[in-house]
Structure formats: C-alpha cells, structure tokens
Amino acid sequence: MSDLKIYPPSAEFVARANVKGMDAYRELYDRARQDPPKFWSELASQELAWFRPFAQTLEWDPPNAKWFTGGKINACYNCVDRHAASERKTKPAIIWEGEPGDQRIITYEELQRLVSRFATILRQLGYKTGDRAVIYMPMIPEAVIAMLACARLGIPHSVVFGGFSAEALKARIQDLDAWVVITADGGWRRGKEVRLKDAVDEALLECPDVRNVIVYRRTGSAIPRKEGRDLWWHEQDEQFSGAQLVQMAETCPAEELDSEHPLFVLYTSGTTGKPKGILHTTAGYLLQTSMTMKWVFDLQEDDVFWCTADVGWVTGHSYVVYGPLTAGASVVMYEGAPDYPAFDRFWQIVEKYKVTVFYTSPTAIRALIRQGDKWPEAHDLSSLRLLGSVGEPINPAAWEWFHRVIGKGRCPIADTWWQTETGAIMIAPMPGVVPLKPGSATLPLPGIIPDIVDTRGVPVGDNREGFLIIREPWPSMVRTIWGDPKRFEEQYWSRVPGAYFTGDAARRDENGYIWVLGRVDDVMNVSGHRLSTMEIESALVHHPAVAEAAVVGKPHEITGQAVCAFVTLKKGDWDHTALGKELRQWVAHEIGPFARPEEIRFTDALPKTRSGKIMRRLLREIIASNGVTGDVTTLEDLTVVTALASQHDDD
Ligand code: 7RM
C-alpha cells in the first residue's frame, strides 16, 4: 500500500472547515469514547429542539437501546418549523428539478405551509399517531412533504422506492399493516412515465386493510380511480379555501412525541427471501444524521447540498431529507436519470444551482466516466467544494477521476461507509482533517467504535481481513426489525456477543484506516443497491418452468456486481433463449427492474454440499473465472461443476 498516493486536505479547504486538523478530530473522538453519554447528551441538547428535555441519555440492554428517554420531540418540527421561525425562513429548503426541466424552489417557510396542509389532510381522514403509511412516489417535493407530514403526526412511514414492483410493494404494505398509501399517478424517467398508481392498484388487490390511496398528480396521465378509496391530493387540498380554513390547515401542530417514537421503517434485503423492516426512531436518528452533515459534509450556512440518492433508499432518508433539513441546509433534488436527456445532466444541475457539496455513488461515477470527460468539461463546476461517495467500495480509478475531472483536484472526497441499519454515516473522513487514500472510508466518526474480528470475535490485527463489527451503541442505530425482534437479535447481535455485526468484511491498515471489502453474506450490491440472492431465487422458483435457482453476484465494470442466475428447469421442451428473456422480465416484475438478472444460465443440476446447500461460492468462482479452483470435496456431484464451468458467459 506504500506506493499509494495520499491526498491531504488543501489549506484553502481547511481554513473554513468545521473541524480542522487531526488534533481536533482526536479530541472529539477521545471525548466521545471516554464518556459517550456526556458527549451525546451535550450534542442532543444543543442541536435539537425539544418540547421537553430528556432525562436519561442511554438505556442499554443489549441489543436494545433507548436514547434520550423522557424527552419529547418531533422530527418535522426539527426539520421545518424551527427554521421557518428563524432567519432561515426565506432560505430555500428544497431546490427541485424535474426530469422534463421544470423546477421549484421551496423555502423553509413555504415548506412548513405545505407540510402542515398535507398533515391536516391526513388528520382529517382520521389517521393518527401510531398508524402506518406507505409512500410510493417519484423524486418530487411531495415525497418529502409526505414523509415530513407523517413525522409531524407521529405516523411511521415506509417509503418504497418507485423502482420496486407491485409485488414488492404489496409485501411491504402487508408486513407493515399500513392503512394509507401515498403515491402519484407517475413520475418521469428517461422521458418515459413510470406508472406508479397502476402498481399500487395491482398491489392493493391483496391488501384489503388499506383504506385510502392519496394520489399526487405529477404526469397528468389517465389513471383508474377506485371510488371511496382513492383521493386526489389536490382535491383534498382545495377544501382549504378562505382565510380561516387556510389558517387552520397551515397551523396543524406537530405532535409531542417520545424520543423513541418510531419515525420510519425501511425495508432492506437480508440473507433470506424476506426483506427486513429496519426501524428507526426519532431523536437519536435526527441527531446523528444532522451531526454527520456537519462532520462529514462540513455543512456551512451557504452550502447547496446535493445527494443524488432516491428517497426510497436510506441514503435519501438520511441525506436528502432528515439530516440536511434538521441542519437547516438547502437541498437539491432531481427527479430523473443522470443520462437524460444527455450525459451531462448532473453537471448541468451542479452549474445551474451552484451546488457546493455533491454526494453520489461509485456506480453513477463509473457510468459517467465511460461517456468521457467532454460532458463535465462543458460545464462550470467551480461552485463545488466537497464530493462524497456511498453505497459500495469506490475503486481507486473512479476515485481519481472524480477527484480530478469533477473536483478539479480541489475538492476532498468523503467516502462514507454506513448501512440502512446504522442510520447515519459511521466511517468517513472529516474532510478538513483526514488525508485521503482512494478506496478507503478512512476513520470512524466520534462515538463509533468499529473493530475487525475473526469468526470467534477476536480482533485480527493490522492489515488482516476480518468481519467488521461496531462495539458500542450509537444514537441512530436500528432499533429492531419490524415485527421480528428475534431475527433482529440473531442477525446482528449473536455473531459477536454484545457487538453489532455489519455483514461486511474489512481490513485496517497501519494508519488505522479502514478498507471495507464487501459483504460476507448472501447479499449482493448492484449499483449500490442491496439485493438478496434468496429474494431473487424465490422470485425465480415462482415461475412455473423453474425447478431450482441459485443466484450469485458477478463482477461488473459499472454496477460493481451484476445478478447472475443459475436455473434448473422442470421437465419440458423449453426454448432457452425465449425463456431466458421471460425469466429476466419475471424477476423485474416480482421485485423491480433493478433486480433483473443480467445473465441466466440453464443447467441440469446445481452444485450442492452433501447436506444439500447450494454452493454459491463455487458458482461465484465459475462466473469470475469460468473455471474452478479450491476445495470441492464437500461437493455432491462434480460433473455438475465441470458442465457449468464449460459454459460461456454469452450463452
Ligand atoms: C448507505 C447504504 C449497505 C452496504 C454495506 C456495504 C456497502 C455502503 C460503502 C459500502 C464500501 C462504502 N446502505 N457500502 N457504503 N462499502 N464502502 N463507502 O449503502 O444498507 O443499502 O447498503 O453497502 O456492503 O454493508 S445499504
């Protein structure tokens, strides 16, 4: 590693950074480590607005944590009202650009009115604290408004990414037992309409408990409407006419909720076929998402912050909505695809809105690299001062390009490691402090005690690969898996007793820098999105032609990994080419287009251990090398492997 180039922060960047110099970082880190309750309680009192102060900082009964108990708080109030009542009231909260080029700028003051009106609609329909809502929206301001309105009333929301299919949506509505679904007629993606309401209608055929669907009109296309159940957002809003009604709607109070009141449930892929509903609660989540805005993104009052993630993923929750708004930032939000109408859409938006901090994924970077430097070079990117990366390890070549071509060598890159479960960034450089090594998320943030251990939980020592764990509780940590506390405990807290198991492998170098290597379980990472092999396998075996399926990730130049499925068929005379196409489409329908296998390989049998477990490691090797090495002595039938290995990628 010694020949690696190291990038210290520039003097210019350090001069105005929130945290400057290694000593300042060490001081913060040590203070958090020595007395975590003191450290976090001081920050919570300073950074958040409370209706009633908390009595105790942490009640830790592993694996159950309660933070800031006794306190009364509201996430929406912290994100909106307190800024609307301050000098920030005329500051843009949301700077939005639609894919067709329409734009809206919503100040904090306006956001408060919009959120209050929508909260009033929900309240008048009878929804109240503790009821659950599912949000299935395009990337439009109303997605954020819906989330915040739910938070205002204490209605835990679950945002389902608009790229998920009706099937996936149905499973989430059912698991959460949601009574109201908030959606739009559709959204724009690469010039085409994504028809969201159609998917909702299909999902609701099997969700009898849903009482209302509130539909925002985005595309204006014709959609069927179920009388009594479906309501137009704008029609509901029109009832507030006349000064008195408007006044009433716009002053809908924010509920005074417990610190641990559930804020949202976000489903993420695990190692089984069933997605896990990750529960986050209010105060700790808000504190850590907003603190990381200051520590990692060095947030300053005049920043224009753009995180390109969809609000359907955790990155969108924490760094489009709750983190930046709690911190009072101006947030850029874009509806569509990065390559539409051309490959410079991101750079055009950076130039137009003078974005200062830009946070995206390695996949997006790699896809743009391929199109050449002329696209960014055609734009003035001089407003940028800091870049960020998330979702998967960033390969040094992509890092260098991002740094040189986008950041013009001036902007530090914050490679941020975290998970849906951690709620906020855990390992990342403080950009005014930490010299960067391309490909490393560098050092843990204050209050985070990571370790790298072997199968027995013993630390492995420098430069050795092991499991990444986190030893002490932190405010934004996952509280449970919705409806399945047992799975929560088994999944995260039983591998290394008392410590949180991340599911990632990592290595720590001689400078204490952490290099995250990827998942150690059956979770794939495709374009920075988590996908479970089991989830795709169960979708495939649902198809009438399929007997068995095994799914593995295959290295992919742009998306990091791509989905590759090995399939055995039931007896019959199948046209492999046609069926391959059909199965890819089938998976897109069952889960979502982003889960569509890149490749389907038909085989007579799958390699299994004597106890009948599919040997995915072997399949991965076959894919990566078209050959097999290593120990296959536990294999039931070696001829299977030979046959599989002799198939070619483009079969
Ligand atoms: C934020 C998010 C989590 C998984 C995680 C890792 C991988 C995320 C990085 C990374 C290396 C990074 N949430 N991962 N960020 N690996 N370097 N900077 O992505 O729940 O969807 O995924 O993503 O494997 O466990 S997530």
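Residues numbered from 1 in each chain as written. Predicted model: local features only at pLDDT ≥ 70, side-chain atom pairs only at ≥ 80, totals over all residues. Heavy atoms only, no water.

A.B. asks: Any chance you could explain the sheet that holds strand β25 (residues 514-519) here in plain terms?
C.D. replies: Two strands in a sheet stick together by hydrogen bonds in their backbones, pointing the same way (parallel) or opposite ways (antiparallel). Pairing in this open sheet of four strands is antiparallel, and the strands run β21-β22-β24-β25 from one edge to the other. The open sheet has two edge strands with one neighbour each: β21 (450-453) and β25. With direction set aside, neighbouring strand axes in the sheet form an average angle of 45 degrees. Of the pairings in the sheet, the one linking strand β22 (residues 465-470) to strand β24 (residues 500-508) comprises five bridges and is antiparallel in character. From the neighbouring strand, E465 faces β24, where its bridge partner is R507. (Pairing = 2+ DSSP bridges. Helix = DSSP H or I, 4+ residues; strand = E, 2+ residues; numbered from the N terminus. Axes fitted to C-alpha atoms, helices over the stretch in contact; angles between N-to-C directions.)

A.B. asks: When you look at unusual backbone geometry in this model, what are you seeing that I'm missing?
C.D. replies: Note: most peptide bonds trans; most residues except glycine with negative phi. Look at the link from P62 to P63: it is a cis peptide, with omega at 5 degrees. If you trace the backbone, P63 turns up in the loop between β1 (56-61) and β2 (64-69). Here the amide bond leading from Y340 into P341 is cis, since omega sits at -5 degrees, within 30 degrees of zero. Following the sequence through the fold, P341 ends up in the loop between β17 (330-334) and α13 (345-353). With a phi angle near 50 degrees, K408 is a residue other than glycine that sits in the positive phi range. In this fold, K408 is placed in the loop between α16 (396-406) and β20 (413-416).

A.B. asks: I tried to follow the site of the ligand on my own but got confused; where do I start?
C.D. replies: The ligand sits among 17 residues. The nearest are D415, T416, T420, D504 and R519. Here T416 contributes a backbone N or O atom positioned 2.8 Å from a nitrogen atom of the ligand. Q419 places a polar side-chain atom, nitrogen or oxygen, 2.9 Å from an oxygen atom of the ligand. Bound to the protein, the ligand loses 96% of the 520 Å² it would expose on its own. Those elements giving two or more residues to the shell around the ligand turn out to be α12 (314-326), β20 and β25. For the shell around the ligand, the class distribution of residues is six nonpolar, six polar and five charged. (Near = heavy atom within 4 Å. Polar contact = N/O pair within 3.5 Å; in protein donor to acceptor, adjacent residues only side chain to side chain. Areas by Shrake-Rupley, 256 points an atom, 1.4 Å probe, with all protein chains shown as cover. Nonpolar A, V, L, I, M, F, W, Y, C, P; charged D, E, K, R; others polar.)

A.B. asks: Please explain the sheet that holds β17 as it appears in this structure.
C.D. replies: Overall, mixed pairing links the seven strands, which are arranged β5-β4-β17-β16-β18-β19-β20 in an open sheet. Every interior strand has two partners, whereas the edge strands, β5 (103-107) and β20, have only one. If you compare each strand with its neighbour and ignore which way they point, the axes differ by 20 degrees on average. Here strand β18 (residues 357-360) pairs with strand β19 (residues 386-390) via four bridges, running parallel. When the sheet's bridge partners are listed, Y359 is paired in β19 with G388. The strands touched by helix α5 (residues 108-124) within the sheet are β4 (92-97) and β5, with β5 carrying the most contacts at an inclination of about 95 degrees. (Contact = heavy atoms within 4.5 Å.)

A.B. asks: How should I be thinking about the packing of helix α4 (residues 75-84) against helix α6 (residues 141-153) in this particular structure?
C.D. replies: When two helices pack together, their arrangement is captured by the angle between the axes and the distance separating the axes. Interhelical geometry of α4 versus α6 gives an angle of 120 degrees and a closest axis separation of 7 Å. When the axis of α4 is compared with that of α6, the two are oblique. Between α4 and α6 lies a crossing of left-handed hand. For the pair α4 and α6, contact is made by A75, C76, C79, V80 and D81 and by L148, A151 and R152, respectively. (Parallel < 35°, antiparallel > 145°, perpendicular 65-115°, else oblique. Left-handed = near helix turned anticlockwise from the far one by under 90°.)

A.B. asks: Is there a simple way to explain the pairing of strand β14 (residues 262-268) in this structure?
C.D. replies: Sheet faces and side chains relate simply in a regular strand, where the side chains alternate between the two faces. Most of β14 is tucked away, with six of its seven residues classed as buried. By the bridge criterion, six bridges tie β14 to strand β15 (residues 276-281) in an arrangement that is antiparallel. Paired with P262 across the two strands is T281, which belongs to β15. (Buried < 20%, exposed > 50% of the residue type's maximum accessible area, 1.4 Å probe, protein only.)

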